[in-house]
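These are the residues of each chain, in order.
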Amino acid sequence: MSPKSTKTTTFSLPTRDPSIERYYMNQALNVAKSALSVGEVPVGCVIVLHAPPESPSSSVIISHGANQVNATRDATRHAEIV
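Just so it is clear, the model here is predicted, and its values are computed rather than measured. (Residues numbered from 1 in each chain as written. Predicted model: local features only at pLDDT ≥ 70, side-chain atom pairs only at ≥ 80, totals over all residues. Heavy atoms only, no water.)

A. Up close: the overall build of the chain. Each helix and strand in the chain was counted, giving two helices and two strands. Traced from its N-terminal end to its C-terminal end, the chain shows the element sequence α-β-β-α. Across the 82 residues in the chain, those meeting the buried criterion constitute 16%. Restricting the contact set of the chain to residue pairs at least 6 apart, pairs at least 24 apart contribute 34%. (Helix = DSSP H or I, 4+ residues; strand = E, 2+ residues; numbered from the N terminus. Buried < 20%, exposed > 50% of the residue type's maximum accessible area, 1.4 Å probe, protein only. Contact = heavy atoms within 4.5 Å.)

B. Layout of the packing of aromatic side chains. Applying the stated criterion across every chain yields a total of one aromatic pair. Arranged with centres 5.1 Å apart and planes meeting at 70 degrees, the rings of Tyr 23 and Tyr 24 form a pair that is edge-to-face. A residue is classified by how much of its surface remains accessible, and Tyr 24, at 11% relative accessible area, is buried. (Phe/Tyr/Trp six-rings, centres within 6.5 Å; stacked < 30°, edge-to-face > 60°.)

C. Spatial organisation of the side chain of Glu 40. You can see Glu 40 is positioned in the loop between α1 (18-37) and β1 (44-49). At 7.0 Å, Arg 73 is the nearest oppositely charged side chain to Glu 40, a buried residue that forms no salt bridge. In this structure the side chain of Glu 40 is engaged in a polar contact, spanning 3.0 Å, whose partner is the backbone nitrogen of Asn 70. Sequence-distant contacts of Glu 40, defined by excluding residues within four places in its chain, comprise Ala 35, Asn 67, Gln 68, Val 69, Asn 70 and Ala 71. (Lys, Arg positive; Asp, Glu negative; His and termini not counted. Salt bridge = Lys/Arg side-chain N within 4 Å of Asp/Glu carboxyl O. Polar contact = N/O pair within 3.5 Å; in protein donor to acceptor, adjacent residues only side chain to side chain.)

D. Highlighting a nonpolar patch on the surface. A cluster of nonpolar side chains, Ile 47, Leu 49, Val 60 and Ile 62, forms an exposed patch at the surface whose accessible area comes to about 350 Å². Of all the elements in the fold, those that place two or more residues in the nonpolar patch are β1 and β2 (60-66). Residue placement: Ile 62 occurs in strand β2. (Patch = residues over 30% accessible without salt bridge, like charges linked within 9 Å, V, L, I, M, F, W, Y side chains within 5 Å. Areas by Shrake-Rupley, 256 points an atom, 1.4 Å probe, with all protein chains shown as cover.)

E. A look at the confidence of the model for the chain. With 83% of its residues at a pLDDT of 70 or more, the chain shows a mean pLDDT of 84. Within the chain, the lowest mean pLDDT, 89, falls on helix α2 (residues 69-72), and the highest, 94, falls on α1. (pLDDT = per-residue confidence, 0-100.)

Okay, structure coming up:
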C-alpha cells in the first residue's frame, strides 16, 4: 500500500501598508466613539476584506461593530461579535 499524498496549500498575508492600517484603525476608533456617545464602553472593530496584492487600494470594510453590552444587558454583545 502506498502512502497517501498530501497537498500543501500556502497562504501569504497581504503586504502591510502603515497608511492603510492607520485608515482602518481610525475607522474602528470612529465606531468606538459612536459607542461611547450612547453610553457603551468605547470599543469598536472593523472587518476588512483585503484585495489581491496587485490592487491593495480596493480593500473594503465589509462589517463593523461596537459594544452593545450596556444597552442590551447581554455580556456577549462585544464589538468583535456584533
